[in-house]
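# Close look at the chain arrangement
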Amino acid sequence: MTTQSVSVDRPRTRASVQWWTLTSRGLAAMIRNGEIIFAFVAPILLAICFYLPLRAIMDSDPSMDYAAFLMPIISLQSVSFVASSAAMRAAVDTTKGINTRFRTMPMPAAIPTLARLGTNAVLLAISVVCAAATSLVMGWRPEGSLLDTVGLFAVVMAVGILIAVLADAIGLLSNSPEATSQALSLPILILGMLSTGFVPESQFPDWIQPFVRNQPISQFATSMRSLSDGTATLEVLTPTIWWCVGLAVAGIVLTGIGVRRMIR
C-alpha cells in the first residue's frame, strides 16, 4: 500500500492588502487619539502666538508682508508635529511587541514600515492643508506662477515625508515612546526659534547669524518664500535640495537598521 501525501495550500494574502489593512489600523488610531484635531489646531495656535503679537511691528517695515513671511514656518511647524507623531507611533509598536507579532506572520518585513508611512502621509497632507488655510486667513497669497505654487507645496510635502521617515526610524530604534517624542521635539523647537521662520536674519546677534542663515529650517523657509513670491532660482533652491538628500540618506540608513533589528 502506498501512502500519498496531500498538500494543502494556505491562502496567501497579497502584500497590498496587508499594507492597506495596517494603514487603515493606523488611520483609525490617529482618529481615536485626536491627532487630526491637533493638525487643525496647531497652525491656528501658531498664528495666534506669533502673527497677532508681531504683525504690527513687522508690517511697520514697508517691504515686509508678515503673513507671507510667516507662511513657511507655519507649514514647517505643522510638519514637525507629524514627525513627532510618526516617532511616537513607531516607538509604541516596538515597545508593545506589535512588531514582534508582525514578524511571526507571512508578511514582507517592509510592510509595517510602509503602512506607518501611509498613515503619516495622510496626517501630513491634512496638516499642510490646515497650515495653508490658516495662512490664507492671515492674508498670505501666492504671487508666483502655478508651477511656483505647486513647487512650494512640493517642497513642504517632500520635507515632511523625509522627516517623517527619519522620525519613524528613530522611533523604531527607541525603547521609550515618551523619550523619543521629547528627543525630537527639543531640537525641532530650538531650530525653529533660531531660524528665519519667525523673524529676519538681521534680528539675530551677528555671532549667531551664520548658523541661523544656513540651518535647514531657514533654508526650507527661504526656498518656500522664493517660490511663493515667484523669485525662485536654482541657486536659492540648491541648499534645500541638498538638505533633502541628507535627510533621505539618514532616513534610509536608519530605517534599514531598524527593520533589520525588527526581524532578528
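What you see is a predicted model, and the numbers here were worked out from it, not measured in a lab.

### Notes on the overall build of the protein chain
Counting secondary structure elements, the protein chain contains ten helices and zero strands. Expressed along its principal axes, the backbone C-alpha trace of the protein chain runs to roughly 100 × 35 × 35 Å. Relative to its 264 residues, the protein chain shows a buried fraction of 44%. The long-range share in the protein chain, meaning contacts at least 24 apart out of those at least 6 apart in sequence, stands at 79%. Looking at the protein chain as shown, the accessible area adds up to about 14,100 Å², and 68% of this sits on carbon and sulfur atoms. Put simply, the protein chain has 17 plus and 14 minus side-chain charges, and the middle of one group is 21 Å from the middle of the other.

### Here we look at the packing of helix 3 (residues 66-95) against helix 9 (residues 216-229)
Relative orientation of the contacting elements helix 3 and helix 9 amounts to 125 degrees, with a least axis distance of 9 Å. Between helix 3 and helix 9, the angle falls in the class oblique. In terms of crossing hand, the pair formed by helix 3 and helix 9 is right-handed. Residues Phe 69, Met 71, Pro 72, Ile 73, Ser 75 and Leu 76 of helix 3 form the contact with helix 9, whose participating residues are Ile 217, Phe 220, Ala 221, Met 224 and Arg 225. Counted by class, the contact of helix 3 with helix 9 contains nine nonpolar, one polar and one charged residues.

### Focus on the packing of aromatic side chains
Counted according to the given criterion, the structure contains six aromatic pairs. Between Tyr 66 and Phe 69, the aromatic rings sit 6.1 Å apart at their centres with planes inclined by 20 degrees, giving stacked as the arrangement. Taken together, the residues span about one helical turn, with Tyr 66 and Phe 69 both in helix 3 at a distance of three residues. Residue Tyr 66 is classed as buried on the basis of its relative accessible area of 0%. An angle of 75 degrees between the planes, with centres 6.4 Å apart, marks the rings of Trp 140 and Phe 153 as edge-to-face. Taken together, the positions of Trp 140 in the loop between helix 5 (111-138) and helix 6 (146-173) and Phe 153 in helix 6 put the pair 13 residues apart, joining distant regions of the chain. For Trp 140, a relative accessible area of 2% corresponds to the buried category. Judged by relative accessible area, which is 23%, Phe 153 ranks as partly exposed.

### So, the confidence of the model for the protein chain
Per-residue confidence for the protein chain gives a mean pLDDT of 85; residues scoring 70 or more make up 92%. Highest mean pLDDT in the protein chain belongs to helix 9 (95); lowest belongs to helix 4 (residues 98-103) (72). For the stretch residues 5-11, pLDDT sits under 50, and the model shows zero contacts to residues farther than four places along the chain or on other chains.

### Examining the side chain of Ser 85
Within the fold, Ser 85 resides in helix 3. With residues up to four places along the chain from it excluded, the contact list for Ser 85 reads Glu 35 and Leu 123.

### A few points about the nonpolar core
Counting residues in hydrophobic clusters, the biggest one holds 40 residues, and the most contacted among them are Tyr 66, Leu 70, Ile 74, Leu 76, Met 138 and Met 224. Put simply, the parts of the chain that give this core at least two residues each are helix 1 (15-32), helix 2 (35-58), helix 3, helix 5, helix 6, helix 9 and helix 10 (234-263). Every residue in contact with Met 138, bar those within four places of it in the chain, is listed here: Ala 47, Tyr 51, Ala 67, Leu 70 and Ile 74.

### Notes on a nonpolar patch on the surface
A surface patch of nonpolar side chains, about 640 Å² in accessible area, is lined by Ile 37, Phe 40, Val 41, Ile 44, Leu 45, Ile 48 and Leu 52. Structurally, the position occupied by Ile 44 is in helix 2. Judged by relative accessible area, which is 43%, Ile 44 ranks as partly exposed.

What counts and what doesn't
- Residues numbered from 1 in each chain as written.
- Predicted model: local features only at pLDDT ≥ 70, side-chain atom pairs only at ≥ 80, totals over all residues.
- Heavy atoms only, no water.
- Helix = DSSP H or I, 4+ residues; strand = E, 2+ residues; numbered from the N terminus.
- Buried < 20%, exposed > 50% of the residue type's maximum accessible area, 1.4 Å probe, protein only.
- Contact = heavy atoms within 4.5 Å.
- Areas by Shrake-Rupley, 256 points an atom, 1.4 Å probe, with all protein chains shown as cover.
- Lys, Arg positive; Asp, Glu negative; His and termini not counted.
- Charge placed at Lys NZ, Arg CZ, Asp CG, Glu CD.
- Axes fitted to C-alpha atoms, helices over the stretch in contact; angles between N-to-C directions.
- Parallel < 35°, antiparallel > 145°, perpendicular 65-115°, else oblique.
- Left-handed = near helix turned anticlockwise from the far one by under 90°.
- Nonpolar A, V, L, I, M, F, W, Y, C, P; charged D, E, K, R; others polar.
- Phe/Tyr/Trp six-rings, centres within 6.5 Å; stacked < 30°, edge-to-face > 60°.
- pLDDT = per-residue confidence, 0-100.
- Core = buried A, V, L, I, M, F, W, Y, C linked by side-chain atoms within 4.5 Å.
- Patch = residues over 30% accessible without salt bridge, like charges linked within 9 Å, V, L, I, M, F, W, Y side chains within 5 Å.
- Salt bridge = Lys/Arg side-chain N within 4 Å of Asp/Glu carboxyl O.

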